[in-house]
Each structure stands twice: as structure tokens, then as C-alpha cells.
Amino acid sequence: MTPEDPQNYCMRGHRVHALAPNEIKEVAQRVCEIMKIKKTSFKGKRSEQLISRFEQYGIHVDVIADEEWIDATRATVDPQKAMIYVPEKFYSDLCRGRAEAIRIFLHEIGHIVLGHRPLLHFAVENPREAEDSEWQADYLADSIIDLLGLPKFDKQMELKF
Ligand SMILES: [Zn+2]
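Residues numbered from 1 in each chain as written. Predicted model: local features only at pLDDT ≥ 70, side-chain atom pairs only at ≥ 80, totals over all residues. Heavy atoms only, no water.

Visitor: Help me out: how do you make sense of the packing of aromatic side chains in this one?
Guide: Aromatic ring pairs: the centre-centre distance and the angle between the two ring planes describe each pair. All chains considered together, the criterion is met by two aromatic pairs. For the ring pair Phe54 and Phe105, a centre distance of 5.7 Å and an interplane angle of 70° mean the geometry is edge-to-face. With Phe54 in helix α2 (residues 46-56) and Phe105 in helix α4 (residues 99-113), this residue pair connects regions lying 51 residues apart in the sequence. Residue Phe54 is classed as buried on the basis of its relative accessible area, which comes to 1%. A ring pair is formed by Trp135 and Tyr139, whose centres lie 5.2 Å apart and whose planes are at 35°; its orientation type is tilted. Of this pair, Trp135 and Tyr139 both sit in helix α5 (residues 133-148), separated by four residues, roughly a single helical turn. With relative accessibility at 12%, the residue Trp135 sits in the buried group. (Phe/Tyr/Trp six-rings, centres within 6.5 Å; stacked < 30°, edge-to-face > 60°. Helix = DSSP H or I, 4+ residues; strand = E, 2+ residues; numbered from the N terminus. Buried < 20%, exposed > 50% of the residue type's maximum accessible area, 1.4 Å probe, protein only.)

Visitor: Teacher, can you tell me more about the coordination of the zinc ion here?
Guide: For a metal bound by four donors in a tetrahedral arrangement, the ideal donor-metal-donor angle is 109.5 degrees, while six donors in an octahedral arrangement ideally sit at 90 or 180 degrees. Taken together, His107 (NE2), His111 (NE2), Glu134 (OE) and Glu134 (OE) make up the full set of protein donors to the zinc ion, lying 2.1 to 2.5 Å away. Here the donor residues of the zinc ion are spaced in sequence according to H-x3-H-x22-E. Here His107 and its partner His111 are both found in helix α4, four residues apart, which amounts to about one turn of the helix. In this pair, the class of His107 matches that of His111, namely buried. (Donors = N, O, S within 2.8 Å, 3.2 Å for Na, K, Ca; no water.)

Visitor: Is there a simple way to think about the packing of α4 against α5 in this case?
Guide: If you want to describe how two helices pack, look at the angle between their axes and the distance between the axes. Viewed as axis vectors pointing N to C, α4 and α5 meet at an angle of 120°, and their least axial separation amounts to 8 Å. The orientation of α4 with respect to α5, classified from their angle, is oblique. Seen from above, α4 lies across α5 with right-handed handedness. Where α4 approaches α5, its residues Arg103, Leu106, His107, Gly110, His111 and Val113 are matched on the opposing element by Ser133, Glu134, Ala137, Asp138, Leu140, Ala141, Asp142, Ile144 and Ile145. (Axes fitted to C-alpha atoms, helices over the stretch in contact; angles between N-to-C directions. Parallel < 35°, antiparallel > 145°, perpendicular 65-115°, else oblique. Left-handed = near helix turned anticlockwise from the far one by under 90°. Contact = heavy atoms within 4.5 Å.)

Visitor: What am I meant to see in the pairing of strand β3 (residues 83-87) here?
Guide: Remember that side chains alternate between the two faces of the sheet whenever the strand is regular. Burial within β3 is extensive, with four of its five residues counted as buried. Direction of pairing for strand β1 (residues 60-64) relative to β3: parallel, over a ladder of five bridges. Paired with Val61 across the strands is Ile84, a residue of β3. For strand β2 (residues 76-78) and β3, the ladder comprises three bridges, and the chain directions are antiparallel. If you follow Asp78 over to β3, its bridge partner there is Met83. If you look at the hairpin formed by β2 and β3, you'll find four residues sitting between the two strands, and Ala82 has a positive phi there, around 55°. (Pairing = 2+ DSSP bridges.)

Visitor: Got a minute to help me understand unusual backbone geometry in this structure?
Guide: Excluding glycine, residues mostly have negative phi values, and the peptide bonds linking residues are mostly trans. Its identity as a non-glycine residue notwithstanding, Lys36 has a phi of 50°, on the positive side. In this fold, Lys36 is placed in the loop between α1 (21-34) and α2. One non-glycine residue, Ala82, lies in the positive phi region at around 55°. Within the secondary structure, Ala82 sits in the loop between β2 and β3. Overall, the relative accessible area of 12% leaves Ala82 in the buried class.

Visitor: What should I look at first to understand the nonpolar core in this one?
Guide: One finds Ile37, Ile84 and Phe105 to be the most contacted residues of the largest nonpolar core, which totals 40 residues. At the level of elements, α1, α2, β3, α3 (88-95), α4 and α5 are the ones that each hand at least two residues to this core. A per-element tally of this core places α4 first, with seven residues. In contact with Phe105, not counting residues within four places along its chain, are Phe42, Ile51, Phe54, Val61, Ile84, Phe90 and Leu94. (Core = buried A, V, L, I, M, F, W, Y, C linked by side-chain atoms within 4.5 Å.)

On their own, these measurements won't tell you what the molecule is for.
Here it is as C-alpha cells:
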């Protein structure tokens, strides 16, 4: 891996408090311990049990009817309200244990557990990858996937690579 040139780093999300990879990995581990997330948590009916466990911790998943879903994204999150919004189609992919849906779901969980909110920055330095909320959420999702040994791609997707 080549380190990003800090001068050229292009932010994908909000600029947030910087987190090092190790700090994110620690959060990933704690989330798995507290929420009792295992490799098998995304199998069949267990996804629904996992989602109700998140509800107990104040993280809510709001399933929106497909025809009412106008967002171009697969899922969306309001970290301050700890609300994840998904269309029915995505929810059924998640409950079927589709790797892509799991990663997106864990990414949205990442925005919540990492406490993302845009910061007002008056810093003169250019933003760094470690301050990018999208990079942090991706890193958290991948940390959980690695930790649990979840599949990274769906079978259908593997054909494309
Ligand atoms: Zn995101």
C-alpha cells in the first residue's frame, strides 16, 4: 500500500476527529463483544435477532418501502439519532446474509459507534484520510469483517472480479 499524499487526499465524507487504524480496530472489537456479534450472526433469521439487539442499545433500523425509497444510496444513516434507514430490498439482502449488504450495514453502524458528526474546522492543514468519516466507517466495517472472518464478496460478485 502506498501512503496517500496528504496534499492530494480527497475527502469522501465529513471531516471528523482523526482516528488511527488501531483505534478503529479496538472499537470494532468492543462493538462485537458488547453486541455479541459473531460470524453466524448474519445467517438466516439471526440477522433479525441481531438487529433487535442493536435496538436494545438504542441503534434503530427503519425499513422503508421500496417504492418510497428515493435515495440513490443503498442505505443511509443519521449518526446523531442513531437511525439507519434501509429500503425493504436491502433489508431482505441483509437477512439473507449477502456480503455486500452486511458490509454496508456495518459501515452505517460505524458512523454511529464512531460518533460521527461534522466538525467545524478552522485548521489550515489539508484534511487527512484519518479524518474522513467515510474512510473511518469503511475501516470499521472491514475490521469487523476480518475479525469475524465473514465473507468479503457474494458468490455472484466474485465472478466479476
Ligand atoms: Zn458512509
